[in-house]
Amino acid sequence: STQQNEENMDTDQPSAAEPPSVTDGVREKVSEEKLNAFRAFIHEIFSDGHNIDQVPLDRIFEEVNQSGSRPDPFDEEEVHECIDRMMQDNQIYLDMGTRAVFLI
């Protein structure tokens, strides 16, 4: 496995410890107000579902902008950022295999 690690170090891909600089600018794209609106929306989906423990990611994409016809709708990148930030706060979990969002 040492040989394998040396091979990995020779690649030009950034390591997990050093995210590419592109994400630095994207990280704060969503305002706190918009994140809170998204958070409220997620909780609303789960509470409306009566005992559901997961929601398909596609449903979140479909419904996030329909609920209140927001003047500043969420684009796909913002939805992903909101999900990432909620995952960092241990509020939800996204299973990339099933593309399902779980409330924690």
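Our structure is the block above this text.
All values reported here derive from a predicted model rather than from experimental measurement. (Residues numbered from 1 in each chain as written. Predicted model: local features only at pLDDT ≥ 70, side-chain atom pairs only at ≥ 80, totals over all residues. Heavy atoms only, no water.)

S.K.: Tell me about the sheet that holds strand 2 (residues 92–95), and name the residues and values.
M.R.: Here three strands make up an open sheet; going across it, the order is 1-3-2 and the pairing antiparallel. With one partner strand each, in any of the chains shown, strand 1 (54–56) and strand 2 form the two edges of the open sheet. Ignoring strand direction, the axes of neighbouring strands in this sheet form an average angle of 25°. Direction of pairing for strand 2 relative to strand 3 (residues 100–103): antiparallel, over a ladder of four bridges. Opposite L94, over in strand 3, you have V101 as the bridge partner. Packing of helix 3 (residues 32–48) onto the sheet brings it into contact with strand 1, strand 2 and strand 3, and relative to strand 3 it is tilted by some 85°. (Pairing = 2+ DSSP bridges. Helix = DSSP H or I, 4+ residues; strand = E, 2+ residues; numbered from the N terminus. Axes fitted to C-alpha atoms, helices over the stretch in contact; angles between N-to-C directions. Contact = heavy atoms within 4.5 Å.)

S.K.: Help me get a handle on the pairing of strand 2, residues and values and all.
M.R.: Along strand 2, the buried face is formed by I92 and L94; none of Y93 and D95, which line the opposite face, is buried. The antiparallel hairpin formed by strand 2 and strand 3 contains four residues in its connecting segment, where R99 sits at a positive phi of about 55°. (Buried < 20%, exposed > 50% of the residue type's maximum accessible area, 1.4 Å probe, protein only.)

S.K.: Break down the packing of aromatic side chains for me, citing the residues and quoting the values.
M.R.: Each aromatic ring pair is summarised here by two numbers: the centre-to-centre distance and the angle between the ring planes. Counted according to the given criterion, the structure contains two aromatic pairs. Centre to centre, the rings of Y93 and F102 are 6.3 Å apart; their planes meet at 35°, and the pair counts as tilted. Judged by its relative accessible area of 43%, Y93 is partly exposed. What makes F102 partly exposed here is its relative accessible area of 22%. Here the guanidinium or amino end of K34 rests over the ring plane of F74, the centre of that ring lying 4.9 Å away. (Phe/Tyr/Trp six-rings, centres within 6.5 Å; stacked < 30°, edge-to-face > 60°. Lys NZ or Arg CZ within 6 Å of the ring centre and 35° of its normal.)

S.K.: Kindly report on the pattern of salt bridges, identifying the contributing residues and their values.
M.R.: Summed over all chains, the structure comprises eight salt bridges. Residue E78 pairs with K34 through a salt bridge whose shortest N-O separation is 3.1 Å. With E78 in helix 5 (residues 76–88) and K34 in helix 3, this residue pair connects regions lying 44 residues apart in the sequence. When its relative accessible area of 8% is taken as the criterion, E78 is described as buried. Ionic pairing is found between R85 and E81, a salt bridge with its closest N-O pair at 3.0 Å. With R85 and E81 both in helix 5, this residue pair falls four residues apart, about one helical turn. Residue R85 shares its accessibility class with E81, and that shared class is buried. (Salt bridge = Lys/Arg side-chain N within 4 Å of Asp/Glu carboxyl O.)

S.K.: An account of unusual backbone geometry is needed here, citing residue identities and associated values.
M.R.: Comment: phi is negative for the bulk of residues other than glycine, and the bulk of peptide bonds are trans. With a phi angle near 55°, N90 is a residue other than glycine that sits in the positive phi range. As for its position among the elements, N90 is in the loop between helix 5 and strand 2. Phi angles above zero are rare outside glycine, and R99 is one such case at about 55°. In this structure, R99 sits in the loop between strand 2 and strand 3. Residue classification places R99 among the partly exposed residues on the basis of a relative accessible area of 34%.

These values are about where atoms sit, not about what they do.
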